[in-house]
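Coordinate inspection notes
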Amino acid sequence: MSGLSAARLTSRIVKAQSDGEVADIVKQHVGEFNEIHVSTALSKLAKLMARSGTRTLGKSQCDSVLLLLDERLRGFNMIRARQIANLLWSYAKLGYHGNHSIVRHLSDQVPTVTVDDFEPQHLANTLWAWATMRHLPSVDAFAALERRMLACVDDFIPRNIANTLWAWANMRHQPPADALAALERRMLACVDDFRPQNLSNTVWAWATMGHLPSARALAALERRMLACADDFIPQNIANTLWAWATMRHQPSTDAIAALERRMLACVDVFKPQNLANTVWAIAMLINSIEGDSITCRPTRRVMRLWGTTAIDQNVLDRLLHRLEHAAQLRSLEEQAFQQILQAHHLLGDRFKPSAALLDQAREAWAKQLASRSSSPQSSLEREVAACLDRLGITYDVEALTEDGMHRVDMLVRGRTDDGGERLLVIECDGPTHFLRSSDGTYRIDGSTYARNCDLRKLGLDVLCVTGHEWTSLTKEDERDAYLRRELQERDFKHSFKCDNVPVETALIEARRRVHRLCEVGGHAAEGGALTRPTPQASASASYVPPPPYIDYLSELRERGIIVEETNNAKKRRTE
């Protein structure tokens, strides 16, 4: 059959009942296809092949049909905006990768088409397709869609909002502040129409992008969540809790109770990563407090909200039981083991994995620490180190805490008024440690907050050098003055290079401190984490001794006891 009208050809494609029927139409009429026919055929194939009852083609047969459509598509000089969006959506559904030539061909046309022809659904579908295929579009393509979004944002429905934010987050794209603010305003106008998937994707995307929405926006989503909590699936629960923990949002007791009830109702169908994300988020939420002053003393609100009855112990027990089962099936990934150890570290007896699971978790955590120690320094770390050098302050790099939980960027050793030792941790925190609001203010995220509290519980002072503040200081003398002021505000009496300490005295102190470290289980595992971590009240034994203790540490290594040596120590030992 040939010579079908364009409308009749479209109708035949739309009415096809199987992918094999679509394939027959393509083989017979592909030479007559216009861009709408190609788009319709690909969309129909994507939908039919996703359902087992309508999928009849083998892989080679499917590939041959797709090749015919790809070749036909390349023959068109111009493709309109609507068809570009539909085609990219279809290719994403069909499993194409972002570096496929036809995906690049279509994406490169986005900045050149009439962008005003994109409707909200087309904008969201295009971004969703790029994210799903892991395609990184050009800056011009992003900018074109963002300009159009600002022009038609009042027509966005909840799914458009959620999919746009989800796509940006997955592509690690940082949209302009006015785009984020516009979507937040639109969300507030239609929040009562948000479904569970839209809710969880929105808060997950904000947290992943490092965006801090307004308190009003979070409260509105929380109210909507309460209205539809019974429809949450495990991934919705895990993503929502993870986002709250990352943003350090304090949900209401009603919100927590609603999610607890839903968790207990569907915990048996949680996937392993959802289990780990949920446990980690609960631990972080309990640890977190309101405000950005980094302190370990909970406020009254936190005590009321996160007291011993705030989180049902049965929830934690059920989650742990499912994690133990997943570990036995070997379905947990490295990140899940790391989250389990961190949750145990923060929750203590309320979350006690079995010895076997705890060993696996510690091994995964040790690998993470080892990976960090072998990573090159960031530009921020190098600049802060150079500043300390100019100030004549001695420090150690990538020091390991006694409990095996943290590697700190820099450790400075000072003195107390009575001649004792005082330790200051300097952490160089770039943008991944913060959330940024549309008005330009910053807030540390949940993981960073937990780290700082944990370090203070070990008796350590903590100085966070933030990337956004550091880059505002463009001259060396400004940066030197900044660090000097931070030390003075902490009344920190730092030690300088050499410090006139006799080598004999230092070696005696080294023996005393290393022996004490070994007595509390300080034999370091491969990768640097302690095999039997036991936190100590005194900070003076929290770290492996730096030079001039090298001779004694070498003696320990020869005896088979591995003790961590900092990068700075290695450097000075070889000088």
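Cut-offs applied
- Residues numbered from 1 in each chain as written.
- Predicted model: local features only at pLDDT ≥ 70, side-chain atom pairs only at ≥ 80, totals over all residues.
- Heavy atoms only, no water.
- Helix = DSSP H or I, 4+ residues; strand = E, 2+ residues; numbered from the N terminus.
- Buried < 20%, exposed > 50% of the residue type's maximum accessible area, 1.4 Å probe, protein only.
- Contact = heavy atoms within 4.5 Å.
- Pairing = 2+ DSSP bridges.
- Expected span 1.5 Å × (residues − 1).
- Core = buried A, V, L, I, M, F, W, Y, C linked by side-chain atoms within 4.5 Å.
- Salt bridge = Lys/Arg side-chain N within 4 Å of Asp/Glu carboxyl O.
- Axes fitted to C-alpha atoms, helices over the stretch in contact; angles between N-to-C directions.
- Parallel < 35°, antiparallel > 145°, perpendicular 65-115°, else oblique.
- Left-handed = near helix turned anticlockwise from the far one by under 90°.
- Nonpolar A, V, L, I, M, F, W, Y, C, P; charged D, E, K, R; others polar.
- Phe/Tyr/Trp six-rings, centres within 6.5 Å; stacked < 30°, edge-to-face > 60°.
- pLDDT = per-residue confidence, 0-100.

1. Some details on the overall build of the chain
Across its full length, the chain carries 26 helices and 8 strands. Buried residues in the chain amount to 53% of all 575 residues. Contacts spanning at least 24 positions in sequence make up 75% of the contacts within the chain whose residues lie at least 6 apart.

2. Comments concerning the sheet that holds strand S6 (residues 442–444)
The sheet built from 3 strands is open, its strands ordered S1-S5-S6 with mixed pairing. The open sheet terminates on both sides in strands that have one partner only, identified here as strand S1 (211–212) and S6. Pairing between strand S5 (residues 434–437) and S6: 3 bridges, direction antiparallel. The residue of S6 that forms the bridge with Phe 434 is Ile 444.

3. Some details on helix H12 (residues 215–228)
Taking 1.5 Å of rise per residue, 14 residues should cover 20 Å, and H12 covers 20 Å from first to last C-alpha, within 8% of that figure. Burial in H12 covers these residues: Ala 217, Leu 218, Ala 220, Leu 221, Glu 222, Met 225 and Cys 228. The elements touched by buried residues of H12 are helix H10 (177–190), helix H11 (196–209), helix H13 (234–247) and helix H14 (253–266).

4. Digging into the environment of Trp 242
Note that Trp 242 resides in helix H13. The spatial distance from the C-alpha of Trp 242 to the C-alpha of Thr 208 is 9.8 Å, given a sequence separation of 34 residues. Contact partners of Trp 242, with chain neighbours within four places excluded, come to Trp 204, Ala 207, Thr 208, Trp 280 and Ala 281.

5. Observations regarding the pairing of strand S3 (residues 407–415)
In terms of burial, S3 is largely enclosed, as 8 of its 9 residues are buried. Pairing of strand S2 (residues 396–400) with S3, which is carried by 4 bridges, proceeds in the antiparallel orientation. When the sheet's bridge partners are listed, Leu 400 is paired in S3 with Arg 407. Linking two consecutive strands that pair antiparallel, namely S2 and S3, is a turn of 6 residues; a positive phi of about 75 degrees is found at Gly 404 within it.

6. Digging into the side chain of Thr 278
Structurally, Thr 278 is set in helix H15 (residues 272–287). With a relative accessible area of 0%, Thr 278 lands in the buried category. Excluding its chain neighbours within four sequence positions, the residues that come into contact with Thr 278 are Ala 238, Leu 241, Met 263, Phe 270 and Leu 319.

7. So, the nonpolar core
Phe 33, Trp 168 and Trp 206 are the most contacted members of the largest nonpolar core, which totals 135 residues. Ranked by the residues each element gives to this core, the list is headed by H15, at 9 residues. Setting aside its immediate chain neighbours within four residues, Trp 206 contacts Leu 165, Met 187, His 211, Pro 213, Ala 217, Leu 218, Leu 221 and Met 247. Membership of the second largest hydrophobic core comes to 22 residues, among which are Cys 387, Val 397, Met 410 and Cys 428.

8. Let's talk about H14
Taking 1.5 Å per residue as the helical rise, H14 with its 14 residues ought to reach 20 Å, and the 20 Å between its terminal C-alpha atoms agrees with that figure. Of all the residues in H14, the buried ones are Ala 255, Ile 256, Ala 258, Leu 259, Glu 260, Met 263 and Cys 266. The inward-facing, buried residues of H14 abut H12, H13, H15 and helix H17 (313–328).

9. A closer look at the pattern of salt bridges
Following the criterion strictly, the structure yields 17 salt bridges and no others. Notably, a salt bridge pairs Glu 486 with Arg 490, separated by 2.7 Å at the nearest N-O pair. Here the salt bridges do not stand alone but share partners, grouping Arg 372, Glu 398, Asp 409, Glu 427, Asp 429 and Arg 451 into one network.

10. Considerations on the packing of helix H7 (residues 120–133) against helix H8 (residues 139–152)
Here H7 crosses H8 at 150 degrees, and the two axes come no closer than 10 Å. Between H7 and H8, the crossing angle belongs to the class labelled roughly antiparallel. Considering the relative orientation of H7 and H8, their crossing is left-handed. Listed contacts from H8 to Pro 120, Leu 123, Thr 126, Leu 127 and Trp 130 of H7 are Ala 141, Phe 142, Leu 145, Arg 148, Met 149 and Cys 152. Looking at the contact of H7 with H8, its residues break down into 9 nonpolar, 1 polar and 1 charged.

11. Thoughts on unusual backbone geometry
Where the residue is not glycine, phi is negative for most of them; where a peptide bond is considered, it is trans in most cases. Positive phi is not limited to glycine here, since Arg 248 has a value of about 60 degrees. Tracing the chain through its elements places Arg 248 in the loop between H13 and H14. Even without a glycine there, the phi angle at Arg 330 is positive, about 60 degrees. Position of Arg 330 relative to the elements: it lies in the loop between H17 and helix H18 (334–347).

12. Quick notes on the packing of aromatic side chains
In total, this model carries 4 aromatic pairs according to the counting rule given. Judged by centre distance (4.5 Å) and plane angle (45 degrees), the ring pair of Tyr 91 and Tyr 96 falls under tilted. In this structure Tyr 91 comes out as buried when scored by relative accessible area, which is 0%. When the centroid spacing of 6.3 Å and the interplanar angle of 90 degrees are considered together, the rings of Phe 434 and Tyr 442 count as edge-to-face.

13. A look at the confidence of the model for the chain
Averaged over the chain, the pLDDT score is 83; the fraction of residues at 70 or greater is 81%. Residue range residues 289–309 is modelled with pLDDT below 50. Its contacts to residues more than four positions away, or to other chains, number 47 contacts.

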